[in-house]
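Observations on the three-dimensional arrangement
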Amino acid sequence: MRYPEQFDVIVIGGGHAGTEAAAAAARMGVRTLLLTQNIETIGQMSCNPAIGGIGKSHLVAEIDALDGVMGRATDQAGIHFRVLNSSKGPAVRAIRAQADRALYRNAVRRILENQPGLKIFQQSVVDLLVEGDRVVGCKTQMGLDFYAPCVVLTTGTFLDGKIHIGDEQQPGGRAGDAPSSLLAQRLRALPFRVGRLKTGTPPRIDGRTVAFTELEQQPGDNPRPVMSSIGQRSEHPQQTECHITYTNDSTHQIIRENLHRSAMFSGAIEGVGPRYCPSIEDKVVRFADKTQHQIFIEPEGLTTTELYPNGISTSLPFDVQLAFVRTMRGFEQAHISRPGYAIEYDYFDPRDLTYSLQTKALEGLFFAGQINGTTGYEEAGAQGLLAGINAARKVQGESFWEPRRDEAYIGVLVDDLINLGTTEPYRMFTSRAEFRLRLRQDNADQRLTPLGVDMGLVGAQRRAHYEEKMGQLQALKLKFAGECVMPGSDLDGALELKLRKETTLLDALRRPEVTADRVAVALSIDTQNELAVNVLRQLEVETKYAGYIKRQDDEIAKIRRHEAMQIPAELDYSSIDGLSNELRQKLDQQRPESLARAARIQGMTPAALSILLIHAKKVASI
Amino acid sequence: MTQVLDQDLICAIATPPGQGGIGIVRLSGVGAKQVAETICERKLVARSAVYCQFVHGSEHLDDGIALWFPEPQSFTGEEVVELQGHGGPVVQQRIINALCGLGARLARPGEFSERAFHNGKLDLAQAEGVADLIASTSEAAARAALNTLRGDFSNKVNVLIEELTRLRVQVEAAIDFPDEEIEILEQAGVVNALGSLDKILTNIIASANQGRLLSNGVQVALIGAPNVGKSSLLNALAGEDAAIVTDIPGTTRDLLKIDLLVNNLPIRLIDTAGLRDSSDAVEQQGVARARAQIAQADIVLLVMAAPDLSVAAVSQQLADLKAEDQEEQFSSARVLVVVNKADLALPPDLPEEVNHITVSALTGAGIDQLKTKLHEFVGFADESTEFSARARHVDALKASADQVAAAQLALHDGLAAELVAEELALAQHYLGSITGDISADDLLGRIFSEFCIGK
């Protein structure tokens, strides 16, 4: 049956990518449908109950700057907030929040259900509707056909998911949920390169059986940060503590003795797991000289006793899991409430995507999230947002939004994925961003909110907040540039400048030792006024980083010049002398649209780029 | 990120390599005139020949003519200055070094033509020719660069890159994984590591023969007992009467330095007074100077005469040389035994482990082989691009050293960790032009293999 209503954008999947995609498209005013297997699990955190972290909270800030879901939901569900890298500089400072799973789900669902223009329907999708080389909709399990010119696929680990516990395997998308095998089969028939990845989760523990008095406590930070730039501390639910325990010799002994029973070591798993998130058996083998590993004990929520022991993800059989968990301090009597498992799933080679996240093979079809080989809620959310925006822009007849590496972590993420592909689940790190000093959490709104306003993504509240911040920042800049500090004056003393001649406040702020905190005290700025403090910090960062930013700006100017150099799509690389075969192949496959993109191809040399440019100019002029 | 289409100031030797009557160094890009006027210490006039001395600091480099072509009426369409001086790679390289010191950089192969094309100075028919030129010259340059990456230099660069990578692994791990229980270098450790990097860099730039090779050429010391024919050998290599040749022992009392070009390799040949004990005060002085020169030389040619030569005598001479080299400033691998006067007697068979060659300075027999051997000694292939390949390496090392110094300063000033990291990333970026870039993923791979990361 054909569903009677026509949509503009259909989003398949209600995870972190799907919810951002659906919400973004709907915010932009196009008719949007979210299809999910289960409405109850919309916004579900399938892995650890935390949002943010270094590189990741940067992504959340960018989503937030475009008025996305994740930051706001985190403030409504966060039960433990910390600032990471507080001793380092602002570019790498990040926020991490433990979230109550149920509260987080509710918050996401509430945001979606209050989003005008967005409809939600619960039904498993079994096929895409394709006409020629473009997608026109999708078919659900009960034979219902939904039509829309753009479809965003965000199926996470559900495509042909297989769960491993020891030597036992069962199909599954997440413990307790069925995989999307029919859709996987159907997609495998389309011209996409498919690979297999794996990830794992630890066994969950019943908190009533843990001796917390034996564990190290890890309280949240005071003052408590907020995740969203329009978030309020008053939104935060009750706060709780995390704990830390350690593995020991006995733990490692048990794991070593049972290695042959681990799905990963027996060869039952073909997918590649992430290097930065190894299973406990992997850690014990690879770092054999370590006598203990740190395990973070994270609460699953305020209304449950379940705990998430971060650091012992495993595919060992249940009896081994139980044995080694009970060797850890405080866990001697522990009861496992859910076994840990490894999950293997299909992903599509992201090199088959364009910068908009539209697939090269099927017009109107977009992929976002784990389906593209990434891991993490934040990475998924960022892609979902981008795919949702571009699906809507396509419907609106606008050009795609393709953020560059110097504009946003989202740009770094997509650029890495579609150019380099990935061989392990891709996770964001700040070291991936060569323009890290510009891509800060504190200026995400300055980088993206105006763009979001232009694209119709940003609501009135955020817009007003942003304009207020920029107004204050501008006023503060003028004040600092104009106001002089006299040697021996009270201000000189308060700022500890020891001036010999008069200097502007702005120049004083350039000094490494003159921090925003010191200035706030000296100028009697109300530290309870968060906006005022943020604006002062912003000015501090901009002033102190100015030299570095200028250097990066020069670099970026060059890249933009290259961007203006378009390469004709019909350029015949095989006829160009002076390119290595390897390079010729890569160029032929990736068909970069501009010189800047060609420059990103691995193994590209300045000489090859020059040759390319000359031929591009020649073809263009004929 | 690979770059093209820069508009920055580039320079290169425009005339063919080798010893010629006139050598032209060309400058193109923003600031060409200003930089040239600094070198010439005179105001330039558009499209007029201005006679001047080329001066760098207090050093007089050459005399010649400077020609300024304002943009767009120039070969490249940019502001161009030509410095026409005397030929010879050593002099020209000094001018290039001076220009680079003032902010220019060495042009890539074909870069002048490429800019000319982009500025509409070459038509489309010529475009493909330019592309071919770039392709072929860059290949030659790549080969040359590879050639220079052999032996001692290569080892040192590899050590440098490894040290820098190790430090970056620490700094980046500290930034991206502060919550992990990993043993990261403390501030003092980073300071030490930066100090050690600085030392390695200074050492490579200053002491490796690459640096001197560029400014002075390869230093070759001629030593040997009096009357074994050192001076005639010098003449045979130089191809002209450069030193006094006589049969009276000890004639060459003072050091004789001659710059010459051996198959494109610039060499500074130092003819020493014969190494022998003498009561003559002047001669003693000469001997002392000779020893100092031996200690500093890149290559020592130990000249011996074939008549009455025995294997034992050669071994004894080598042993003496080693004994005198108390500061161990040169390795014995840099000593080449030249058995001269082969026209008079058949020399004995020397063991293979002794670097040696048999020549006759009088007849010229074996001189070509000696020249080839000199090239081999410094890893210098007979290709004109070699010279600039080396210059590029030194440029990259210097740029890298500047970033390491900036990182030290940032650390000293207590700046944020990511700023120190930024300088280090740039330092590595410059080195990347020698050995290829290390990608973010390579670095992360190192972090994951060295530290147990993972929650």
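Residues numbered from 1 in each chain as written. Chains lettered and ligands numbered in written order. Predicted model: local features only at pLDDT ≥ 70, side-chain atom pairs only at ≥ 80, totals over all residues. Heavy atoms only, no water.

**Observations regarding helix α17 (residues 530-544) of chain A**
Residue and element names in this part refer to chain A. With 15 residues, α17 should reach 21 Å at 1.5 Å per residue; the first-to-last C-alpha distance of 21 Å fits that figure. L531, A532, V533, V535, L536, Q538, L539, E540, V541 and T543 are the residues of α17 that are buried. Tucked inside the fold, the buried residues of α17 contact α12 (444-454), α13 (460-482), α15 (505-510), α16 (516-522) and α18 (546-564). (Helix = DSSP H or I, 4+ residues; strand = E, 2+ residues; numbered from the N terminus. Expected span 1.5 Å × (residues − 1). Buried < 20%, exposed > 50% of the residue type's maximum accessible area, 1.4 Å probe, protein only. Contact = heavy atoms within 4.5 Å.)

**Quick notes on the interface of chain B and chain A**
Taken together, the contact between chain B and chain A spans 53 residues of the former and 62 residues of the latter. Contact between chain B and chain A buries roughly 5,100 Å² in total, counting both sides, with carbon and sulfur atoms accounting for 58%. The interface formed by chain B and chain A contains five salt bridges. With a closest N to O distance of 3.3 Å, R432 of chain A and D441 of chain B form a salt bridge. The tally of links from chain B across to chain A stands at 14 residue pairs in polar contact (both at pLDDT 80 or more). The greatest single-element share of the side of chain B that touches chain A, amounting to nine residues, is contributed by helix α4 (residues 124-148) of chain B. Partitioned by chemical class, the residues of the side of chain B that touches chain A number 27 nonpolar, nine polar and 17 charged. (Buried area = accessible area lost by both parts, 1.4 Å probe. Salt bridge = Lys/Arg side-chain N within 4 Å of Asp/Glu carboxyl O. Polar contact = N/O pair within 3.5 Å; in protein donor to acceptor, adjacent residues only side chain to side chain. Nonpolar A, V, L, I, M, F, W, Y, C, P; charged D, E, K, R; others polar.)

**Some points on the sheet that holds strand β17 (residues 294-299) of chain A**
Residue and element names in this part refer to chain A. As summarised here, the arrangement of the six strands in space is β15-β16-β17-β18-β14-β19, forming an open sheet in which the pairing is antiparallel. Every other strand in the sheet has two partners, leaving β15 (216-218) and β19 (336-338) as the edge strands with one partner each. Averaged over neighbouring strand pairs, the angle between their axes works out to 35° when direction is ignored. As paired strands, strand β16 (residues 242-246) and β17 are joined by four bridges and run antiparallel to one another. Looking at β17, one finds that I244 is bridged to F296. (Pairing = 2+ DSSP bridges. Axes fitted to C-alpha atoms, helices over the stretch in contact; angles between N-to-C directions.)

**Topic: the sheet that holds strand β3 (residues 50-52) of chain A**
Residue and element names in this part refer to chain A. Reading across from one edge, β3-β5-β4 is the order of the three strands in this open sheet, with antiparallel pairing throughout. Each edge of the sheet is formed by a strand with only one pairing partner; in this case those strands are β3 and β4 (78-84). Neighbour-to-neighbour, the strand axes of this sheet turn through a mean angle of 20°, independent of strand direction. Summarising the sheet, β4 and strand β5 (residues 94-99) pair through six bridges and their orientation is antiparallel. Across the sheet, the residue bridging to V83 is I95, located in β5.

**Examining unusual backbone geometry**
Residues and elements named next belong to chain A. Here the bond from N222 into P223 is cis, since omega is 5°, no more than 30 degrees from zero. Considering the arrangement of structural elements, one finds P223 in the loop between β15 and β16. If you check the backbone angles, E496 has positive phi at about 55° while not being a glycine. Within the fold, E496 resides in the loop between α14 (490-494) and β23 (503-504). One non-glycine residue with positive phi stands out, namely K498, at about 50°. For K498, the position within the fold is in the loop between α14 and β23.

**Description of the pattern of salt bridges**
Scanning the entire structure with this criterion turns up 64 salt bridges over all chains. Ionic pairing is found between E62 of chain A and R447 of chain A, a salt bridge with its closest N-O pair at 2.8 Å. One end of the pair, E62 of chain A, is in helix α2 (residues 56-65); the other, R447 of chain A, is in helix α12, with 385 residues separating them in the sequence. Accessibility classification places E62 of chain A together with R447 of chain A in one group, the buried group. A salt bridge links D8 of chain B to R115 of chain B, with the shortest nitrogen-to-oxygen separation between them at 3.1 Å. On the criterion of sequence distance, the pair formed by D8 of chain B in the segment before β1 (10-13) and R115 of chain B in helix α3 (residues 111-118) is long-range, its members being 107 residues apart. Assessed through its relative accessible area of 29%, D8 of chain B is described here as partly exposed. The class for R115 of chain B is buried, based on a relative accessible area of 5%. Each member of the salt-bridge network shares a partner with another, and the members are D8, E78, R105, E111 and R115 of chain B.

**Description of the nonpolar core**
Counting residues in each nonpolar core, the largest one holds 96 residues, and the members touching the most others are I10, Y104, L128, V152 and I389 of chain A. No other element matches helix α10 (residues 377-395) of chain A, which puts nine residues into this core. When residues no more than four places from it in sequence are discounted, the contact partners of L128 of chain A are I12, V135, G137, C138, V151, R186, L187, L190 and L365 of chain A. Counting residues in hydrophobic clusters, the runner-up holds 37 residues, among them I161, A193, L397 and A421 of chain B. (Core = buried A, V, L, I, M, F, W, Y, C linked by side-chain atoms within 4.5 Å.)

**Observations concerning empty space enclosed by the protein**
Summed over the entire model, instances satisfying the criterion amount to four cavities of 30 Å³ or more. Computed from the structure, the largest cavity encloses a volume of approximately 160 Å³. For the largest cavity, the lining is made up of 16 residues, of which R404, R405, D415, I559 and E563 of chain A are closest to its centre. Along the lines of polarity and charge, the residues of the lining of the largest cavity split into six nonpolar, one polar and nine charged. Residues from two domains meet in the lining of the largest cavity; each of domain 1 (9-198 + 345-454) and domain 4 (565-621) of chain A gives at least three. Roughly 100 Å³ of volume is contained in the second largest cavity. Lining the second largest cavity are eleven residues; nearest its centre among them are Q294 of chain A together with E180, E181, C452 and G454 of chain B. Split into classes, the residues belonging to the lining of the second largest cavity amount to three nonpolar, three polar and five charged. (1 Å grid on protein atoms, 1.4 Å probe; cavity = no way out; pocket = protein on both sides within 12 Å on 5 of 7 lines; lining within 4 Å. Points joined across faces, edges and corners; volume = space filled by probe spheres on them. Domains from an automatic or database assignment.)

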